[in-house]
Protein chains: 2
Amino acid sequence: MENALRSERSRNAVIQAALTIIGRDGPGRLTLDAIARESGLSKGGLTHQFRTKGAVLQALLEYQIEYFAKFSRDYLQEIDPAQPEPRLVSQIATLREIAVTRQQHSVAFAILGALTDAPDLLSIIIERDTEAIEQIKAEAADPDLALLRWAAARGLALTTLFRICPLSREDRERLFDLLLDDQYWQHRADPPKPGV
Amino acid sequence: MENALRSERSRNAVIQAALTIIGRDGPGRLTLDAIARESGLSKGGLTHQFRTKGAVLQALLEYQIEYFAKFSRDYLQEIDPAQPEPRLVSQIATLREIAVTRQQHSVAFAILGALTDAPDLLSIIIERDTEAIEQIKAEAADPDLALLRWAAARGLALTTLFRICPLSREDRERLFDLLLDDQYWQHRADPPKPGV
DNA sequence: ATATAAAAACAGACTGGACGGTTTGTTTTT
DNA sequence: AAAAACAAACCGTCCAGTCTGTTTTTATAT
């Protein structure tokens, strides 16, 4: 087998193994030895592909981010062209997906836990979001209202992710539906200020 | 000195020491030995007061929660009586305080990090919030809109806490101001539905 | 009050194990 | 022949929790 392919296979195996362990045993049991065992690789092979545990976590995070970035892109693609704020809506829809997808919870924990030694692991998230925010602002009739809708979706997603959401499942779903509903916000948007 | 007082002093010393360490060295350096050293207690004394590290974390979390609960109570006390949704507003104000207070960030990390082994440490947060949510719903003309305001504040607070907020400081402050501003939401609330 | 036994608070050395990372050697690809 | 990929034993450190004592407080009996 080609080396490049071999490496890629191994790296994928590692990421899948990490996800399996986190889901099955919790993020506390995500050790290099466990990953090696679960992936079928030896520890040597593992550390050949990822020099440190932080590197594994980073790959894991990038994998997750790409997964949801793709979700967002696809959603944007198939959105009603008449939709006035497509970027905002696709971001909110993605956040709903994050909040709903069951396995994500412990992955979030795992990464948060690792943040202790790798504080700027999350900077990639900021980069992505900053971009998204720019676009949301640009397309919005009332940018602040759009940001607030985004923030609310984030709040629902993060509280759910960390299992500290005091709202019922129905409440959350209804709120997400509202956040996605243009009609609901249309007449709530600030009318453009008359020129002074 | 009385035993009860002796214990209380020691426990307080431990919590303060923990906060000092987290703020100065980061949550990764929060070990039992470090806490003992910083607090002036011996390891034996420390483990006499807190049987496990989880117990320390729990006390730390309770301390923080009580701190902000008091902030919220005080805010509620001094609020304009004409304020239509005082509970919501005081909750939002508290969340703004959390987002702004500098030291909180790493404390949040420390506790999240420990969540690995003590998954239901956070249930106390849910309990408090559930209560708050009930009151917010009860006093609101448009409960869903109130929940969304709350969720947005949470989103801003949590993203800031975990340093993944893509918004500028000014943006955040302006958004918090908006969330607190009744005028802004008044005409946005759903008019009470006409009886069928 | 005073002596004394018990309990609580505290001191600090020690242990056991987990875990990240290294090292040395082998197989496979280039 | 060289480099990449992999195997697996090994090491050093860190750290939560324990264990054995010592000091201080409290309860009880005289």
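Rules and cut-offs
- Counting starts from 1 at the beginning of each chain's written sequence and moves along it residue by residue.
- Ligands are numbered from 1 and chains lettered from A, in the order in which they are written.
- Two thresholds apply to this predicted model, a pLDDT of at least 70 for residue-level local features and 80 or more for giving and counting side-chain atom pairs, whereas whole-chain, interface and lining totals are computed over all residues.
- Side-chain measures were taken over the full set of non-hydrogen atoms in the model, leaving aside hydrogen atoms and water.
- Stacked, tilted and edge-to-face are the three classes applied to pairs of Phe, Tyr and Trp rings, where Trp contributes its six-membered ring and a pair requires centres within 6.5 Å; stacked means planes under 30 degrees apart, edge-to-face means over 60, and tilted covers the rest.
- Relative accessibility under 20% of the residue-type maximum defines a buried residue, over 50% an exposed one, and the middle range a partly exposed one, all with a 1.4 Å probe and only protein chains included.
- Proximity criterion: a residue is near a molecule or strand once any of its heavy atoms comes within 4 Å of it.
- N or O atoms within 3.5 Å of each other form a polar contact, as long as, within protein, one can give a hydrogen and the other can take it, and as long as residues adjacent in sequence are counted only when both atoms are side-chain atoms.
- Helix and strand assignments come from DSSP, with helices taken as H or I runs of at least 4 residues and strands as E runs of at least 2, each series counted from the N terminus.
- Three residue categories are used. Nonpolar comprises Ala, Val, Leu, Ile, Met, Phe, Trp, Tyr, Cys and Pro, charged comprises Asp, Glu, Lys and Arg, and polar comprises the others, including Gly.
- Whether two residues touch is decided by their heavy atoms; if any such pair falls within 4.5 Å, the residues are in contact.
- Once two parts are joined, some of their accessible surface, as seen by a 1.4 Å probe, is lost; buried area is that loss totalled over both.
- The working definition used for a salt bridge is a side-chain nitrogen of Lys or Arg within 4 Å of a carboxyl oxygen of Asp or Glu.
- Put simply, a disulfide is two cysteine sulfurs that come within 2.5 Å.

1. Concerning the packing of aromatic side chains
Turning to step 1, where the next piece is worked out: One pass over the structure, following the stated rule, counts seven aromatic pairs over all chains.
Turning to step 2, where the next piece is worked out: Between Tyr184 of chain A and Trp185 of chain A, the aromatic rings sit 5.0 Å apart at their centres with planes inclined by 80 degrees, giving edge-to-face as the arrangement. Each member of the pair, Tyr184 of chain A together with Trp185 of chain A, is buried.
Turning to step 3, where the next piece is worked out: Centroid distance Tyr67 of chain B to Phe68 of chain B: 5.0 Å. Interplanar angle 85 degrees. Geometry classified as edge-to-face.

2. Describing the protein's contact with DNA strand D
Turning to step 1, where the next piece is worked out: Every one of the 22 residues lining DNA strand D counts as a neighbour, but Ser7, Ser10 and Ser42 of chain A together with Met1 and Lys43 of chain B are closest to it.
Turning to step 2, where the next piece is worked out: Each atom of DNA strand D within 4 Å of the protein belongs either to a base or to sugar and phosphate, the latter forming 75%.
Turning to step 3, where the next piece is worked out: Here a base oxygen of DNA strand D and a side-chain polar atom of Lys43 of chain B are 2.5 Å apart.
Turning to step 4, where the next piece is worked out: Of all the secondary structure elements, the ones that give two or more residues to the surface near DNA strand D are α1 (3-25) and α3 (43-49) of chain A together with α2 (32-39) and α3 (43-49) of chain B.
Turning to step 5, where the next piece is worked out: A per-class count over the surface near DNA strand D returns four nonpolar, 13 polar and five charged.

3. Describing the protein's contact with DNA strand C
Turning to step 1, where the next piece is worked out: Contacts to DNA strand C come from 21 residues, most closely from Met1 and Lys43 of chain A together with Ser7, Ser10 and Ser42 of chain B.
Turning to step 2, where the next piece is worked out: Counting only the atoms of DNA strand C that lie within 4 Å of the protein, the sugar and phosphate share comes to 75%.
Turning to step 3, where the next piece is worked out: Within the side chain of Lys43 of chain A, a nitrogen or oxygen atom sits 2.5 Å from a base oxygen of DNA strand C.
Turning to step 4, where the next piece is worked out: Of all the secondary structure elements, the ones that give two or more residues to the surface near DNA strand C are α2 (32-39) and α3 of chain A together with α1 (3-25) and α3 of chain B.
Turning to step 5, where the next piece is worked out: The element best represented in the surface near DNA strand C is α3 of chain B, accounting for five residues.

4. Observations regarding the interface of chain B and chain A
It is common to give the size of an interface as the accessible area lost on bringing the parts into contact.
Turning to step 1, where the next piece is worked out: The interface of chain B with chain A comprises 42 residues on the first partner and 43 residues on the second.
Turning to step 2, where the next piece is worked out: Summed over both partners, the interface of chain B with chain A comes to about 3600 Å²; 74% of that surface belongs to carbon and sulfur atoms.
Turning to step 3, where the next piece is worked out: The shortest N-O distance in the salt bridge between Asp144 of chain B and Arg174 of chain A comes to 2.7 Å.
Turning to step 4, where the next piece is worked out: Listed by contribution, the elements that provide at least two residues to the side of chain B that touches chain A are α6 (104-114), α7 (123-139), α8 (143-161), α9 (169-180) and α10 (182-186) of chain B.
Turning to step 5, where the next piece is worked out: Here the side of chain B that touches chain A takes twelve residues from α8 of chain B, the largest share from any one element.
Turning to step 6, where the next piece is worked out: Among the residues forming the side of chain B that touches chain A, the class breakdown is 26 nonpolar, six polar and ten charged.

5. Quick notes on the state of the cysteines
Turning to step 1, where the next piece is worked out: Applying the stated rule across the entire model yields zero disulfides over all chains.
Turning to step 2, where the next piece is worked out: Cys165 of chain B takes part in no disulfide bond, and the closest cysteine sulfur to it belongs to Cys165 of chain A, at a distance of 19 Å.
Turning to step 3, where the next piece is worked out: When its relative accessible area of 10% is taken as the criterion, Cys165 of chain B is described as buried.

6. Describing the side chain of Thr160 of chain B
All names here are of chain B.
Turning to step 1, where the next piece is worked out: By secondary structure assignment, the location of Thr160 is in helix α8.
Turning to step 2, where the next piece is worked out: Classification of Thr160 as buried rests on a relative accessible area of 6%.
Turning to step 3, where the next piece is worked out: In this structure Thr160 touches Ala99, His105, Cys165 and Arg172, once residues within four positions along its chain are discounted.

7. Focus: the pattern of salt bridges
Turning to step 1, where the next piece is worked out: In this structure the tally under the stated criterion is 28 salt bridges over all chains.
Turning to step 2, where the next piece is worked out: Salt-bridge contacts for Asp182 of chain A lead to Arg149 of chain A; the nearest nitrogen and oxygen are separated by 3.9 Å. Of this pair, Asp182 of chain A sits in helix α10 (residues 182-186) while Arg149 of chain A sits in helix α8 (residues 143-161); the two residues are 33 residues apart in sequence, bridging distant segments of the chain.
Turning to step 3, where the next piece is worked out: Note on Asp182 of chain A: relative accessible area 12%, which makes it buried.
Turning to step 4, where the next piece is worked out: The exposure class of Arg149 of chain A is buried, given its relative accessible area of 3%.
Turning to step 5, where the next piece is worked out: A single salt-bridge network, built from bridges that share partners, covers Lys137 and Asp144 of chain A together with Asp171 and Arg174 of chain B.

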